[in-house]
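# Per-entry structural report
As a plain string of letters, each chain reads:
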Amino acid sequence: MPTRTFSFGLWTLMNAGADPFGAPTRAPLDALHAISGLAAHSVGAFELHAEDLIPSGSSGAERDRMIREARARMADTGIVCDACGSSLFTEPVFKDGALVSNEARVRSLALARYKDAIDVGHLLGAPLFNIWGGRDGSEVEASRSPIEALKRLRDAFNNLADYIARQGYAMRLSIEPKPNEPRGDLYISTVGHALGFIATLEHPDRVGVVPELAHAAMAGLNPAHEVAHALYAGKLFGLHLNAQRPLRFDQDLRFGGAGLKDSFFVVKLLEDENWPLPRTFDAHPYRTTDEQGVWSFVQGCIRAYEVLADKVAQFNADAEVRTLLAEIREWDHTAETGSVSPHRGFAYERLDHLVFEILTGTRVH
Ligand code: XLS
Ligand code: MG
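Residues numbered from 1 in each chain as written. Chains lettered and ligands numbered in written order. Predicted model: local features only at pLDDT ≥ 70, side-chain atom pairs only at ≥ 80, totals over all residues. Heavy atoms only, no water.

What the protein chain contains, in helices and strands, is 13 helices and ten strands. Principal-axis analysis of the C-alpha atoms places the extent of the protein chain at approximately 70 × 45 × 45 Å. Within the protein chain, the proportion of its 365 residues that are buried is 51%. Restricting to contacts in the protein chain with at least 6 residues of sequence separation, those with at least 24 account for 77%. Taking the average location of the 37 positive side-chain charges in the protein chain and that of its 48 negative ones, the two points are 2 Å from each other. (Helix = DSSP H or I, 4+ residues; strand = E, 2+ residues; numbered from the N terminus. Buried < 20%, exposed > 50% of the residue type's maximum accessible area, 1.4 Å probe, protein only. Contact = heavy atoms within 4.5 Å. Lys, Arg positive; Asp, Glu negative; His and termini not counted. Charge placed at Lys NZ, Arg CZ, Asp CG, Glu CD.)

Rendered as structure tokens:
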């Protein structure tokens, strides 16, 4: 089996089952337990918000102790940190935005907090600082020009990229787009928005995208196409795998929990393109899950990816699939002039059905 690194957001395991309508249903795992539990389940990397490890408001001495403990846990188990971020979106002071707030003092505070989190990421060896600006949006459109919001975001990303360079950190920046939730509308909604925005920065090469499958589905988009745009642009700096029924609130379902065919084509893209970075899961164990079930959730995400990767290999090796794809490639080599028949049939019914048979394990040779 090819070696690929799997990763989980620590917050996915620390999630205690609360939702907007209901209280927690299980005891939250602490960050160190989550790190060693992941390592014990052969997970090679983790991602975190700095605050998952160091609650906001901790003293400098507490921060240093927690970083020391996390590093020791990482050294003991061999697990690495593949990305860091910050959960500013949870804090009331950022309720009208962190980087886009109409209050200059709030924007300065957000920048300072992101820099603190960047330092934490550096100390944990994270090669990426990923920003999901969950409050950088609006409900009241009249409250802020979207152009002003984009300029504030631009200035902030330039400032953070500059900070990383001046500190000499070996770390890239990324943007995780999402169309909405918790804000009514977020300003950087899809991979396309992120790529367009990154091109306006001082050093576009330092900033990439972390698409999330659920976020693409929330916008009604094809997740494989979202990921493909990031890959095509050389900007796929990370990826959040999960599942989601389209056009709904953010469900963050276990990878494999919905959208089987969409998930298959995302895995196919990553495997066919030999994408080298960790496959990170960002989903929530169901609210009905207990502490023990959280580890079934971990195993389920990984196994779903591995099963789909096997299906990709089966698809790519299938003789009938190969014949059909060879015919399609052949059309590309026919002379570019001459008459074109609108009545020509394409064997796509069969090709698509073969995907169904392979995915359902019903392919008979
Ligand atoms: C929320 C996001 C969030 C980020 C990390 O919808 O997916 O979990 O990945 O801040
Ligand atoms: Mg995410």
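At this site the magnesium ion (ligand 2) is bound by E176 (OE), E212 (OE), H240 (ND1) and D282 (OD), with donor distances of 2.0 to 2.3 Å. Between the six donor atoms coordinating the magnesium ion (ligand 2), the angles at the centre fall across 82 to 171°, so the site counts as octahedral. Each donor residue of the magnesium ion (ligand 2) lies on one chain, and together they are spaced E-x35-E-x27-H-x41-D. Of this pair, E176 sits in the loop between β6 (172-175) and β7 (185-186) while E212 sits in the loop between β8 (207-209) and α8 (213-218), placing them 36 residues apart in sequence. A single burial state applies to E176 and to E212, both of which are buried. (Donors = N, O, S within 2.8 Å, 3.2 Å for Na, K, Ca; no water. Tetrahedral: all angles 85-135°; square planar, octahedral: opposite > 155°, others 65-115°.)

Look at helix α13 (residues 348-360): 18 Å from first C-alpha to last across 13 residues, which is about the 18 Å you get at 1.5 Å a residue. Here α13 has its buried residues at L351, L354, V355, E357, I358 and L359. Next to the buried residues of α13 lie α10 (260-272), α11 (293-317) and α12 (319-331). Just downstream of α13, G361 is the residue with a positive phi angle, here 70°. (Expected span 1.5 Å × (residues − 1).)

Our focus in this paragraph is the site of ligand 1. Taken together, W11, H49, F89, W132, E176, K178, E212, H215, H240, D250 and D282 form the complete shell of residues around ligand 1. Residue H240 places a side-chain N or O atom 3.1 Å away from an oxygen atom belonging to ligand 1. D250 is positioned with one of its side-chain polar atoms (N or O) 3.2 Å from an oxygen atom of ligand 1. Considered on its own, ligand 1 offers 290 Å² of accessible surface; in the complex 91% of this is hidden by protein. For the shell around ligand 1, a count of residues per class yields three nonpolar, three polar and five charged. (Near = heavy atom within 4 Å. Polar contact = N/O pair within 3.5 Å; in protein donor to acceptor, adjacent residues only side chain to side chain. Areas by Shrake-Rupley, 256 points an atom, 1.4 Å probe, with all protein chains shown as cover. Nonpolar A, V, L, I, M, F, W, Y, C, P; charged D, E, K, R; others polar.)

Turning next to the packing of aromatic side chains. According to the stated counting rule, one finds 14 aromatic pairs in the structure shown. Relative to F315, the ring of F264 has its centre 6.1 Å away and its plane inclined at 75°; by these criteria the two rings are edge-to-face. In this pair, F264 is assigned in helix α10 and F315 in helix α11, connecting sequence segments 51 residues apart. Residue class for F315 comes out buried when judged on its relative accessible area of 5%. Aromatic ring contacts, followed pair by pair, group F6, F8, F255, F281, F297 and Y305 into a single cluster. Its guanidinium or amino end placed over the ring of F237, R172 lies 3.5 Å from that ring's centre, counting from NZ or CZ. (Phe/Tyr/Trp six-rings, centres within 6.5 Å; stacked < 30°, edge-to-face > 60°. Lys NZ or Arg CZ within 6 Å of the ring centre and 35° of its normal.)

A word on the nonpolar core. Ranked by size, the top nonpolar core spans 98 residues in total, and within it L38, F157 and F255 carry the most contacts. The element contributing the most residues to this core is α11, with twelve residues. Residues contacting L38, with those up to four places away along its chain left out, are F8, L10, L13, V43, F46, I79, W295 and V298. (Core = buried A, V, L, I, M, F, W, Y, C linked by side-chain atoms within 4.5 Å.)

On to the side chain of S7, then. Inspection of the secondary structure assignment puts S7 in strand β1 (residues 6-9). The class of S7 is buried, set by a relative accessible area of 0%.

A complete count under the given rule lists zero disulfides for this structure. Counting only cysteine sulfurs, C84 is the nearest neighbor of C81, a cysteine outside any disulfide, at a range of 5.9 Å. Exposure remark for C81: the relative accessible area of 2% places this residue in the buried category. Assessed through its relative accessible area of 1%, C84 is described here as buried. (Disulfide = S-S within 2.5 Å.)

Along the chain, the position of H240 falls in strand β9 (residues 240-241). According to the relative accessible area criterion, H240 is buried, its value standing at 1%. In terms of polar contacts, H240 uses its side chain to reach the side chain of E47, at 2.9 Å. There is a polar contact of 3.2 Å between the side chain of H240 and the side chain of E176. Aside from chain neighbours lying at most four places away, what touches H240 is W11, E47, N130, E176, V210, P211, E212, L213, T280 and D282.

Quick look at the environment of A347 now. Checked against the element boundaries, A347 lands in the loop between α12 and α13. For the pair A347 and E327, spaced 20 residues apart in sequence, the C-alpha to C-alpha distance is 9.4 Å.

A separate point is the packing of helix α7 (residues 191-198) against helix α9 (residues 223-232). Contact pair α7 / α9: the axes reach a minimum separation of 9 Å and the direction vectors enclose 20°. By the criterion of interaxial angle, the relationship of α7 to α9 is roughly parallel. Judged by the sense of rotation from one axis to the other, the crossing of α7 with α9 is left-handed. On the side of α7, the interface is formed by V191, G192 and L195, while α9 contributes E226, H229 and A230. (Axes fitted to C-alpha atoms, helices over the stretch in contact; angles between N-to-C directions. Parallel < 35°, antiparallel > 145°, perpendicular 65-115°, else oblique. Left-handed = near helix turned anticlockwise from the far one by under 90°.)

So, on to the environment of R206. Relative to the helices and strands, R206 is located in the loop between α7 and β8. Sequence separation between R206 and A165 is 41 residues; the distance between their C-alpha atoms is 9.4 Å. Apart from residues no more than four positions distant in its own chain, R206 is found in contact with A161, D162, A165, R172, L173 and F237.

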